[in-house]
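Residue-level structural notes
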Amino acid sequence: MNFKGRHLLSLKDFTREEILKIIETSIKEKYKIEDILKGKTIGLLFQKPSTRTRISFEVAVNQLGGRSIYMNWSELQLSRKESLKDTAMVLSRYLNGLVARLFKHEDLLEIAEYSKIPVINGLTDLYHPCQILGDLQTIIEKKGDLKKQKIVFIGDGNNVSNSLLIASSILGLKTSLICPKGYETPAHVLNIVKNNARVSNAKITITNDLSEVEGATVIYTDVWVSMGQEEEASKRLRDFADYKVTEDVVKKAAPDYIFMHCLPRTEHEVSDNIFYGEHSVVWDQAENRLHVQKAILKLLI
Ligand code: CP
Ligand code: NVA
């Protein structure tokens, strides 16, 4: 297994063993403070807001003895049309790694193509791989064997669920997406998922039917309106109205199910009693972002 110098753009580029290695490293070395990034600088290029991803990466770099530089897209020459290629060429001369949160996944691919340093996807419209690595860690810590779980994601075919389905298809898991009609996983992502599942024996289900919650050991949701979809907000909230995670929706889940949310949350997708209730693991889930980012940086940089 060789991680050094690689980009982390999507989990589809990683094998089962590599994904598990990142998570195992994160679990094993959770509270370790090191100086392996001493003298190294990691850039954080963000085009969208962030609380968890930004802060957990900055703290992770700090706990590894390095320095981070936060770069808001709007304050760089990128905002005055300097090209992604030229920006990537220049940043590669200063930095040792780059975490990028961008609107378009193609922009991330272009930056990665011209970067001489590892580029890590901190969320695009298509994928959120670091989120799912931390989430799989949370599931292992709370529930044990991933293969014994029935993971149900209630929400749209978005960046978070795309990464969850990709990871599940590589790891051979039983994972479902429940969404209203028209909000399913994009076809090109589903193709990757189906091809992987043929090899791994993963059981991936896409359905509009909430009864799929039956027997779930993990119930996961995300906002109905992702960053960049603000103009569709009223239609989305209408279309998703019946899919809110409430006591009624979870009543057929396994009695010891866990509730997960990548955060930030709104009142639309989950009721307060579930979000703050005894099944919720959302704060440990958020904490694991830090541990897994540390593992990612250690392995790639
Ligand atoms: N879950 C997540 O990525 O949160 P932020 O948008 O706050 O980074
Ligand atoms: N799907 C959400 C995830 C936020 C972490 C978004 O893209 O806004």
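**Structural notes on the overall build of the protein chain**
Helices and strands together make up the secondary structure of the protein chain, namely 11 helices and 9 strands. With respect to the principal axes defined by its C-alpha atoms, the protein chain has extents near 55 × 40 × 35 Å. Buried residues in the protein chain amount to 57% of all 301 residues. For the protein chain, the computed accessible surface area is about 13,400 Å², with 50% contributed by carbon and sulfur atoms. Here the protein chain contributes 41 positive and 39 negative side-chain charges, whose respective centroids are spaced 5 Å apart.

**Let's talk about the pattern of salt bridges**
Once their charged atoms are close, side chains differing in charge can pair, the charge on each being opposite to the other. Tallying each qualifying case throughout the model produces 15 salt bridges. One salt bridge in this structure joins Glu18 and Arg6, with 2.8 Å as the shortest N-O distance. Of this pair, Glu18 sits in helix α1 (residues 16–28) while Arg6 is found in the segment before α1, placing the two residues 12 residues apart along the sequence. The partner of Asp13 in a salt bridge is Lys12, and the shortest N-O contact between them spans 3.5 Å. Residue classification places Lys12 among the partly exposed positions, given a relative accessible area of 40%. Here the residues in one salt-bridge network are Glu29, Glu34 and Lys298, joined through shared partners.

**Some points on the site of ligand 1**
Close contacts around ligand 1 come from Ser50, Thr51, Arg52, Thr53, Arg101, His128, Gln131, Cys262, Leu263 and Arg289, and that covers them all. At 2.7 Å from an oxygen atom of ligand 1 is found a main-chain nitrogen or oxygen belonging to Thr51. Contacts to ligand 1 include Leu263, whose backbone N or O atom sits 2.9 Å from a nitrogen atom. Classifying every residue of the shell around ligand 1 by side-chain character gives 2 nonpolar, 5 polar and 3 charged.

**Focus on the site of ligand 2**
Every residue near ligand 2 is listed here: Leu123, Asn158, Asn159, Val160, Asp222, Ser226, Met227 and Leu263. Asn159 has a polar side-chain atom sitting 2.8 Å from an oxygen atom of ligand 2. At a separation of 2.7 Å, a nitrogen atom of ligand 2 approaches a polar side-chain atom of Ser226. Burial of ligand 2 by the protein amounts to 95% of the accessible area it has alone, namely 270 Å².

**Side note on the packing of aromatic side chains**
On inspection of all chains with the given rule, the structure shows 8 aromatic pairs. Linked through ring pairs, Tyr183, Trp224, Phe240 and Tyr243 together constitute an aromatic cluster. Over the ring of Phe14 we find Arg6; its NZ or CZ atom is 4.4 Å from the centre of that ring. The ring centre of Tyr70 lies 3.5 Å from the NZ or CZ of Arg54, which sits over that ring.

**Things to note about the packing of α1 against helix α11 (residues 282–300)**
Interaxial distance between α1 and α11 falls to 8 Å at its minimum, and their mutual angle equals 115°. Crossing angle aside, the handedness with which α1 passes α11 is right-handed. From α1, Lys21, Ile22, Thr25 and Ser26 reach across to α11, where they touch His291, Val292, Ala295, Ile296 and Leu299.

**Brief notes about the side chain of Ser176**
Positionally, Ser176 belongs in strand β6 (residues 174–178). The class for Ser176 is buried, based on a relative accessible area of 2%. Only 2.7 Å separates the side chain of Ser176 from the side chain of Glu212, close enough to count as a polar contact. Residue contacts for Ser176: discarding those within four places in its chain leaves Lys150, Ile151, Val152, Phe153, Thr205 and Glu212.

**Quick notes on helix α4 (residues 105–114)**
Those residues of α4 that sit buried are His105, Asp107, Leu108, Ile111 and Ala112. Viewed end-on, α4 has its buried residues packed into an arc of 155°, placing them on one side of the element. What points out from α4, more than 90 degrees from its buried face, is the exposed set Glu106 and Glu113. Close packing links the buried residues of α4 with β1 (41–46), α3 (84–94), β3 (97–101) and β4 (119–121).

**Description of a nonpolar patch on the surface**
Taken together, the side chains of Met89, Val90 and Tyr94 present a nonpolar region at the surface, about 310 Å² in accessible area. By secondary structure assignment, the location of Tyr94 is in helix α3. According to the relative accessible area criterion, Tyr94 is exposed, its value standing at 61%.

**Some details on the nonpolar core**
Ile154, Ile219 and Leu297 are the most contacted members of the largest nonpolar core, which has 75 residues in total. Counting residues per element, this core draws most heavily on α11, which supplies 8 residues. Those residues within four positions of Ile154 in sequence are excluded, and the remaining contacts are Ile178, Leu210, Val213, Ile219, Tyr220, Thr221, Asp222, Trp224, Tyr243, Val245 and Val249. Residues Trp73, Ala112, Ile117 and Val119 belong to the second largest nonpolar core, which totals 17 residues.

The rules we used
For every chain, the first residue of its written sequence is number 1, and the numbers climb from 1 along that sequence. Throughout, the order in which chains and ligands are written sets their labels, letters from A for the former and numbers from 1 for the latter. Two thresholds apply to this predicted model, a pLDDT of at least 70 for residue-level local features and 80 or more for giving and counting side-chain atom pairs, whereas whole-chain, interface and lining totals are computed over all residues. Hydrogens and water molecules were not included; the side-chain quantities draw on all heavy atoms of the structure. Secondary structure elements follow DSSP: runs of H or I of four or more residues count as helices, runs of E of two or more count as strands, with numbering from the N terminus. Using a 1.4 Å probe on the protein chains alone, a residue whose accessible area is under 20% of its type maximum counts as buried, one over 50% counts as exposed, and one in between counts as partly exposed. Reported accessibility uses the Shrake-Rupley method at a 1.4 Å probe radius. Residues are deemed covered only where the shown protein chains occlude them. For the charge count, each Lys or Arg is scored as positive and each Asp or Glu as negative, with His and the chain ends excluded. Lysine's charge is taken at NZ, arginine's at CZ, aspartate's at CG and glutamate's at CD. Any Lys or Arg side-chain nitrogen located within 4 Å of an Asp or Glu carboxyl oxygen qualifies as a salt bridge. The criterion for a residue being near a molecule or strand is simple. One of its heavy atoms has to lie within 4 Å of it. Residues adjacent in sequence count toward polar contacts only when both atoms are side-chain atoms; beyond that, a polar contact is any pair of N or O atoms within 3.5 Å, and within protein one must be able to donate a hydrogen and the other to accept it. Put simply, Ala, Val, Leu, Ile, Met, Phe, Trp, Tyr, Cys and Pro go in the nonpolar bin, Asp, Glu, Lys and Arg in the charged bin, and everything else, Gly too, in the polar bin. Only the six-membered ring of Trp is used, alongside the rings of Phe and Tyr, when aromatic pairs are assigned; centres must lie within 6.5 Å, and planes under 30 degrees apart are stacked while those over 60 apart are edge-to-face, with the rest tilted. A ring is scored as having a charge over it whenever the NZ atom of a lysine or the CZ atom of an arginine sits within 6 Å of its centre and within 35 degrees of its normal. Convention adopted: a line fitted to C-alpha atoms gives each axis, helices being fitted over their contacting stretch, and angles between N-to-C directions are expressed from 0 to 180 degrees. Each helix crossing is assigned a hand: it is left-handed if the near helix lies turned anticlockwise from the far helix by less than a right angle, otherwise right-handed if that turn is clockwise. Contact criterion: two residues are considered in contact whenever any of their non-hydrogen atoms come within 4.5 Å of each other. The reported arc concerns the directions from the helix axis to the C-beta atoms and nothing else. Within this analysis, patches are made of residues with over 30% relative accessible area and no salt bridge. Like charges are joined at 9 Å or less; nonpolar side chains (Val, Leu, Ile, Met, Phe, Trp, Tyr) at 5 Å or less. To form a nonpolar core, buried Ala, Val, Leu, Ile, Met, Phe, Trp, Tyr and Cys residues must be joined to one another through side-chain atoms within 4.5 Å.

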